[in-house]
Amino acid sequence: MTIGQIAALIAAIAFVILVIYLVIMLFQLAKVLKNLRETVVETTKAVKTLTIDLDKIANQGNNLTGKINDLMDDVNQKSGKLNPFFQSLENFGNSLTRFSNKSNDSQYKKGWKILSPWMAQKVAKGAWKVLRKKK
């Protein structure tokens, strides 16, 4: 064998080794791409599921917000209906204060001692009837 043939044989062997190495690398790359494709498919499914779940949660949140608004409107209406009752109680308290101040005067002392509890009872019963009718 001549030197040229030996060099050609060495070059051929190197080329075969290079091709084998490239084939091995291509198989590994194919495995990586296959795993990547499976991961992308699974991720796409997960994103679709999450999107559907988030849409449901957002819809439920909107429904809950609507119910809370309705509840707050109801509470505001009912508390508005109680305003006259509390105004009556305030008026009653002011009246008791005036009666109490007058009862401290010496000329009214005897009459108010008897009349004040009786009057307080009557006013309290009247306020209670008004409250029960509002319900």
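Residues numbered from 1 in each chain as written. Predicted model: local features only at pLDDT ≥ 70, side-chain atom pairs only at ≥ 80, totals over all residues. Heavy atoms only, no water.

Summing up its helical and strand segments, the protein has two helices and zero strands in all. The proportion of buried residues among the 135 residues of the protein is 4%. Total accessible area computed for the protein in this model is approximately 11,900 Å², and 65% of it derives from carbon and sulfur atoms. (Helix = DSSP H or I, 4+ residues; strand = E, 2+ residues; numbered from the N terminus. Buried < 20%, exposed > 50% of the residue type's maximum accessible area, 1.4 Å probe, protein only. Areas by Shrake-Rupley, 256 points an atom, 1.4 Å probe, with all protein chains shown as cover.)

Now for a positive patch on the surface. Taken together, the side chains of Lys-122, Lys-125, Lys-129 and Lys-133 present a region of like positive charge at the surface. A residue is classified by how much of its surface remains accessible, and Lys-122, at 44% relative accessible area, is partly exposed. (Patch = residues over 30% accessible without salt bridge, like charges linked within 9 Å, V, L, I, M, F, W, Y side chains within 5 Å. Salt bridge = Lys/Arg side-chain N within 4 Å of Asp/Glu carboxyl O. Lys, Arg positive; Asp, Glu negative; His and termini not counted. Charge placed at Lys NZ, Arg CZ, Asp CG, Glu CD.)

Counting across every chain of the model gives one salt bridge. Asp-74 serves as the salt-bridge partner of Lys-78, at 3.4 Å between the closest nitrogen and oxygen. One end of the pair is Lys-78 and the other is Asp-74, both in helix α1 (residues 3–103) and four residues apart, which spans about a single turn.

What follows deals with a nonpolar patch on the surface. A contiguous nonpolar patch, built from Phe-15, Leu-18, Val-19, Tyr-21, Leu-22, Val-23, Met-25 and Phe-27 and spanning about 780 Å² of accessible area, is present on the exposed surface. Among the structural elements, Phe-15 can be located in helix α1.

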